[in-house]
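Close look at the chain arrangement
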Amino acid sequence: MFLKKILSVPSFARSWWQKALFRAVQLLIIFLLLIVAIDLNFLGLFGDSPEVKDLKEPDISIASELYAADSSQIGKYYIENRIPITYTELSPLIINTLLAAEDIRFYQHNGVDVRATFAAIWSTAKGERRGGSTITQQLVKNLYKTRHKNQKGLLGNVKGLNIAIDKSKEWINALKLEYYYSKEEILTMYLNTVDFGSHSFGIKAASRTFFNKLPAELQAEEASLIIGLLKAPTYYSPVANKENALRRRNSILSQMGKYGFLSDQEADSLQKLPIKLKFRQPVPDATDATYFKDAVARSLQEWSKESGYDIYTDGLKIYTTIDPQLQAYAEVAVEKHMKKLQLRFFEHWEGQNPWVDSKGNVIEGFIEELVAETSAYKSLKAKFGYNIDSIDHYLNIPHKMSVFTWEGKNDTVMSTIDSIKYYRHLLNTGFVSIEPQTGHVKAWVGGINYNFFQYDHIAQAKRQPGSLFKAFVYAAAFESGLGPCDRRTDQPVTINYIEKGKNKSWSPHNSNWVFTWDNVSLKNAFARSINSVAVQLTKEIGWDKVIELAHRMGIGSELIDVPSVSLGSSDVNLLELANAYSVFVNKGKLNSPVLVTKITDREGNTLFEHKPEGKQVISEETAFLMTVMLRSGLTEYGGTTQGLWEFDIFKYNTEFGGKTGTSSNFSDGWFIGVTPKLVSGVWVGGEHRNIRFRTSQLGEGLRTALPAYGYFMELVLKDESLLHYRGKFPKPEIKISKPYSCVSPVYKRDTTSVDDIDMGDPLVIEPITEIDLLEIR
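To start, this report covers the structure provided alongside it. Predicted, not measured: the structure shown is a model, and the values here were computed from it.

So, the overall build of the chain
- Assigned secondary structure in the chain consists of 28 helices and 18 strands.
- Here the chain holds 777 residues, and 53% of them are scored as buried.
- Sequence-distant contacts, at least 24 apart, represent 70% of the contacts inside the chain between residues at least 6 apart.
- About 36800 Å² of surface is accessible on the chain, with carbon and sulfur atoms providing 52% of the total.

A look at the packing of aromatic side chains
- Within this structure, the stated rule accounts for 31 aromatic pairs.
- Taking the centre distance of 4.9 Å and the plane angle of 85° together, the rings of Y235 and Y236 count as edge-to-face.
- Pairwise contacts between aromatic rings join F404, W406, Y422, Y423, F452 and F453 into one cluster.
- Residue placement shows K183 over the ring face of F106; its charged tip is 4.2 Å from the ring centre.

Brief notes about the sheet that holds strand β7 (residues 440–445)
- Pairing within the open sheet is antiparallel, and its five strands lie in the order β7-β6-β18-β17-β16. At either margin of the open sheet sits one strand with a lone partner, and together these are β7 and β16 (657–662). Within this sheet the neighbouring strands show an average axis-to-axis angle of 10°, counted without direction.
- Strand direction decides the pairing type here: strand β17 (residues 668–674) and strand β18 (residues 679–686), joined by seven bridges, are antiparallel. Following the sheet pairing, I672 is matched in β18 by G681.

Here we look at the packing of helix α11 (residues 242–258) against helix α12 (residues 264–271)
- Orientation of α11 relative to α12, taken along the N-to-C sense of each, is 170°, at an axis distance of 8 Å. Looking at the two axes, α11 sits roughly antiparallel to α12. Across the interface between the two elements, R249, N250, L253, S254 and G257 of α11 pack against D264, A267, L270 and Q271 of α12.
- Split by residue class, the contact of α11 with α12 holds three nonpolar, four polar and two charged.

Section: helix α24 (residues 574–585)
- Along its twelve residues, α24 runs 17 Å from first to last C-alpha, staying within 8% of the 16 Å computed at 1.5 Å per residue.
- Here α24 lies mainly inside the structure; twelve of its twelve residues are buried.
- Along α24, the residues that are buried comprise L574, L575, E576, L577, A578, N579, A580, Y581, S582, V583, F584 and V585.
- For α24, the N-terminal capping position is held by N573, with its side-chain oxygen 3.1 Å away from the main-chain nitrogen of L575.
- In the stretch just after α24, K587 is the one whose phi turns positive, near 60°.

Analysis parameters
Residues numbered from 1 in each chain as written. Predicted model: local features only at pLDDT ≥ 70, side-chain atom pairs only at ≥ 80, totals over all residues. Heavy atoms only, no water. Helix = DSSP H or I, 4+ residues; strand = E, 2+ residues; numbered from the N terminus. Buried < 20%, exposed > 50% of the residue type's maximum accessible area, 1.4 Å probe, protein only. Contact = heavy atoms within 4.5 Å. Areas by Shrake-Rupley, 256 points an atom, 1.4 Å probe, with all protein chains shown as cover. Phe/Tyr/Trp six-rings, centres within 6.5 Å; stacked < 30°, edge-to-face > 60°. Lys NZ or Arg CZ within 6 Å of the ring centre and 35° of its normal. Pairing = 2+ DSSP bridges. Axes fitted to C-alpha atoms, helices over the stretch in contact; angles between N-to-C directions. Parallel < 35°, antiparallel > 145°, perpendicular 65-115°, else oblique. Nonpolar A, V, L, I, M, F, W, Y, C, P; charged D, E, K, R; others polar. Expected span 1.5 Å × (residues − 1). Polar contact = N/O pair within 3.5 Å; in protein donor to acceptor, adjacent residues only side chain to side chain.

Bear in mind that shape data such as this cannot, by itself, settle questions of function.
Spelled out as structure tokens, the structure:
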């Protein structure tokens, strides 16, 4: 009525106070309309604001945690390293420190501190810088990124106006947050979302990072240092800028005394203390970054698409199959062997470059092609175009860099070209161990060093498996009616076939280029890895049967439909090979490799749980006979796995089997070792197939891959806490229709020659550690 009375008076007749009041009402209406326009992003002028559902259910990025089979944490996935806490986990000390430093009137305002706002405006007008944002306003900025360029409207880039719009958004949404949440909830959300620097988001992650404590365990000087980081995490970092951090900490301690949270005496004495950290920086892809962690992430990509969960932001708990002790032993074994092997490789190529063809000629343009793939080359190409001289000049300038060595990271000075040449002299490896009865992966070493070489040689890399593939030939032969004691002659064999409409002929040789014409059992032929016998079987049963059985046993890689597939000419990965060999130990049943057993959300609700789905893919009899074949390499004359006798693994009531593999020109060395409880696979080779040893004495799987397995099993079997991994192969529970106990006579060898064999008098079976004579080249 009062306003209506004023409006009824003509403007010229109004008194000064009526005019002032009318103008104030007009400004208030304009202000309210502007606020509504900003909140609704009228005509796209102001940029988006969070919707009601965003305010009620804020999307906070939370790290997911990765656990081993024993429930110990082995890593995290995150974009922002954040571990959320509840209000009850916050001590009054943390709350009081925050209030003293950031918003002492927090409990007196409703999201906007009018007094502080006008003080900030006044100080800005005087050319000073003073913040006026409340904790609630800061939370709005943290949660909804209101100042991000993606949140700007058409007016958001107008200097001066953009600040007013940003502030208006913060005020509006701060009031909304205060409406939807209690003060305690706002404080908790704030402390869970803020960035404390050093890759630590949230008070719990920061407490762990800087002091290795829980938030409730922090002392006043520690809490003040951490809260002090909020103003500028880098500038006040106690790691990078200790003096700044000390000054900021003491300022907050002084504020604590001023507002009565500490006595003046306490505040003064605490300011005299030095900064003492227990710094544990959670650098992404460093401390907990492993080949296995990456493998788990890759394995969950499809599940993430189907379920809608993101392992990097949704705070999941991911439980895996990895055995921390086996993993540690695998890493030790790989390092021990690869150190020795790398020295041997350096000696083998001393004074020469290893990138040569099969005739020993240096491959022209090899290094140049690798250089062209580097970011350094691409940057120089963009700058200098086709000026090759300028590009080469800069690529050959030495500069500081860190390179991998087996003695640790080496900080050195080297040109881009020289670094590429250096890395081409290094061998790499992959090691995986699987529990055959479940498919659970127990150890995973995807390469020699994750920080320098992220490419995984277990599941990502594919190479020719050589004689490892013969296991599928013999298994297919047994399914076709043959048995271990059937015999074939070691003689030349030719297979005529059609490939892509063209008639072709294939006549492979044995690895020592010699056919003995001996009539040998299939068991002995497999143990000695005689190519000619494997090829005869392939010709008899058809390589299509070999391919079909390999796929049935879990080989998912494409297998080229040619007879040479029987000797491992198609590329496969180590994981599928090791898992396929597990079928032999698991009575013919196939399990898919299992990395993850269960996933829960942050409340503990189960989102995924692995359900075993073993499938019978070969007969139990064939599987048993193949375990006999795999064990024959240790007992049959000339067996390719007899290098295992060099290791201290035969006194633990445990039986072994295995198979070596070597690809053409010794580019790849393989070994798969089997016991009743573990199937482990090893691959060794260069990143490029032409990086290799040149002789069988150095380059075959017996020498390059088998020792890593031997060292691993020594550690496993000696560990009294791992008794469940010991054991002998069980006797068959079914009737075996084919003879398998045939044993070939054992002869002494002339160990001074690779190719010459002294066929002397038969002897009692004894360990033979000579190299595998009959591996595929």
